[in-house]
Amino acid sequence: MTVVVVRPEPDCHQLVKQLHAHGLAATPCPLVSFLPGRDLTTLPRTLTALPSGSVLVAVSPRAVAFADHALQNAQQAWPTDCQYVAVGQRTAREWQTVCGQAVHSPAREDSEGMLALPPLTNVTGTQIVILRGESGRDMMAKTLRDQGAQVHYCETYRRQWAVEPLVSQVVSWTKDTTDTVVITSGQQLAYFDQLITLSGQHWLRQCRILVPSKRIQDQATALDFDTITTVDSVANSALVNTLLRLSKTGLSDD
């Protein structure tokens, strides 16, 4: 098994390093970097204005890191009278470290999992602020608004994408018999597919794709990928464990 890892830094190289430590060949392919979002300057005022019992939601550790940096620059602490909801355990751990509050996170690390958590039920009249990038899924916000919540987005970061087609990389990957691609978001999956030129599309469709959710699995299926493994997590530890299992079973999920 030889793996291409398509995820942002620093997690991309960290995952590659972990795979190397387990004897698996892996190559990093980060397609996106991140810059401060447009709403960071108003975030301190937004949080100050929230009534007690409001809910803060973070969709990634990155959203937390950019938001916390903005609050530190403003010499402002995280609210102590709000509820905190994170998309996954890693985001929850990192948020709890900087905010000092209990952070709820679901076993299923996606919007559907978060919506099942107690702070996001019975939300009529509740103010909810979602910390995220410049775009993302609107399903959670729509569901919460339909239930009577007042939902606001806070763009804490924005993405900067690679622009060059991956021509030379694909030549190298095919020579190295690369057969597995790890992709940790739907946007990266779509963009990675666009950057692979026509000559590399046959190779790509022969690869196994590892994705973190059923939603992205469905997206990969719609793009005509045949061999897809869903990990149900974006954590490097979960990805490593899945790749090790696949490497020992001849790339079979059976």
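The paragraphs below set out a description of the structure included in this document. (Residues numbered from 1 in each chain as written. Predicted model: local features only at pLDDT ≥ 70, side-chain atom pairs only at ≥ 80, totals over all residues. Heavy atoms only, no water.)

### A few points about the packing of helix α3 (residues 61-73) against helix α4 (residues 89-99)
Put simply, the rule is: Axis lines are fitted to C-alpha atoms, over the contacting stretch for helices. Their N-to-C directions set the angle, which ranges from 0 to 180 degrees. Counting from the N terminus, the helices are DSSP H or I runs at least four residues long and the strands are E runs at least two residues long. What sets the label is the angle itself: under 35 degrees gives roughly parallel, over 145 gives roughly antiparallel, 65 to 115 gives roughly perpendicular, and the rest give oblique. Should the near helix be turned anticlockwise from the far one by less than a right angle, the crossing is left-handed, and should it be turned clockwise, the crossing is right-handed. By the convention used here, residues are in contact when the closest approach between their heavy atoms is within 4.5 Å.
Direction vectors running N to C along α3 and α4 enclose 15°, while the axes themselves pass 8 Å from each other. It follows that α3 is roughly parallel to α4 by the angle criterion. Relative to α4, the crossing made by α3 is left-handed. Contact with α3, carried on its side by Pro61, Val64 and Asp68, involves Arg90, Thr91, Glu94, Trp95 and Val98 of α4 and no other residues of that element.

### Some words on the nonpolar core
The test is simple: Only buried Ala, Val, Leu, Ile, Met, Phe, Trp, Tyr and Cys residues count toward a nonpolar core, and they belong to the same one when joined by side-chain atoms within 4.5 Å. For the exposure calls, accessible area comes from a 1.4 Å probe over protein chains only, and a residue counts as buried if that area is under 20% of its type's maximum, exposed if over 50%, partly exposed in between.
One finds Leu43, Leu56, Trp78, Tyr84, Trp95 and Leu131 to be the most contacted residues of the largest nonpolar core, which totals 26 residues. Listed by contribution, the elements that provide at least two residues to this core are β3 (32-36), α2 (43-48), β4 (55-58), α3, β5 (83-86), α4 and β7 (127-132). With 6 residues, α3 is the largest single contributor of residues to this core. Those residues in contact with leucine 56, other than ones at most four positions away along the chain, are Leu47, Leu50, Trp78, Pro79, Cys82, Gln83, Tyr84, Val85, Trp95 and Val129. One finds Leu166, Leu195, Ile209 and Phe225 within the second-largest nonpolar core, a separate group that totals 23 residues.

### Quick look at the environment of lysine 248
Within the secondary structure layout, lysine 248 lies in helix α11 (residues 236-248). For the pair lysine 248 and serine 172, spaced 76 residues apart in sequence, the C-alpha separation works out to 24 Å.

### Side note on the environment of leucine 223
You can see leucine 223 is positioned in the loop between α10 (214-222) and β12 (227-230). In this structure leucine 223 touches Leu189, Asp193 and Arg205, once residues within four positions along its chain are discounted.

### A closer look at the sheet that holds β4
What counts is decided by this rule: Paired strands, as defined in this entry, are two strands with at least two bridges between them according to DSSP.
Spatially, the 5 strands line up as an open sheet ordered β6-β5-β4-β7-β8, and their pairing is parallel. One side of each edge strand has no neighbouring strand; the edge strands of this open sheet are β6 (103-104) and β8 (150-155). The sheet strands contacting α4 are β4, β5, β6 and β7, and the helix crosses β5 at an angle near 145°.

### Things to note about unusual backbone geometry
Peptide bonds are, in most cases, trans, and in most cases residues other than glycine have a negative phi. Between glutamate 9 and proline 10 the backbone carries a cis peptide bond, its omega angle lying at 5°. Along the chain, proline 10 turns up in the loop between β1 (2-6) and α1 (11-21). Here the phi dihedral of asparagine 122 falls at roughly 55°; this positive angle occurs in a residue that is not glycine. In this fold, asparagine 122 is placed in the loop between α5 (111-115) and β7.

### Here we look at the pattern of salt bridges
Where we set the bar: Any carboxyl oxygen of Asp or Glu that lies within 4 Å of a side-chain nitrogen of Lys or Arg is treated as forming a salt bridge with it.
One pass over the full model with this rule turns up 9 salt bridges. Ionic pairing is found between aspartate 110 and arginine 108, a salt bridge with its closest N-O pair at 2.7 Å. The class for aspartate 110 is buried, based on a relative accessible area of 12%. Arginine 108 gets classed as partly exposed once you look at its relative accessible area, which sits at 48%. Between arginine 205 and aspartate 193 there is a salt bridge, with the nearest N and O atoms lying 3.0 Å from each other. Taken together, the residues span a long stretch of sequence, with arginine 205 in helix α9 (residues 198-206) and aspartate 193 in helix α8 (residues 186-195) at a distance of 12 residues. We classify aspartate 193 as buried; its relative accessible area is 13%.

### Topic: the packing of α8 against α10
Formally: Residue classes follow a fixed rule: Ala, Val, Leu, Ile, Met, Phe, Trp, Tyr, Cys and Pro count as nonpolar, while Asp, Glu, Lys and Arg count as charged, and any other residue, Gly among them, counts as polar.
Remark: α8 packs on α10, axes separated minimally by 10 Å, with the N-to-C direction vectors making an angle of 20°. By the angle class used here, α8 and α10 are roughly parallel. Of the two possible hands of crossing, α8 and α10 adopt the one that is right-handed. Here Gly186, Leu189 and Ala190 of α8 lie close against α10, whose contacting residues are Ile216, Gln219 and Ala220. By residue class, the composition of the contact of α8 with α10 is 4 nonpolar, 2 polar and no charged.

Read these as spatial facts, not as claims about activity.
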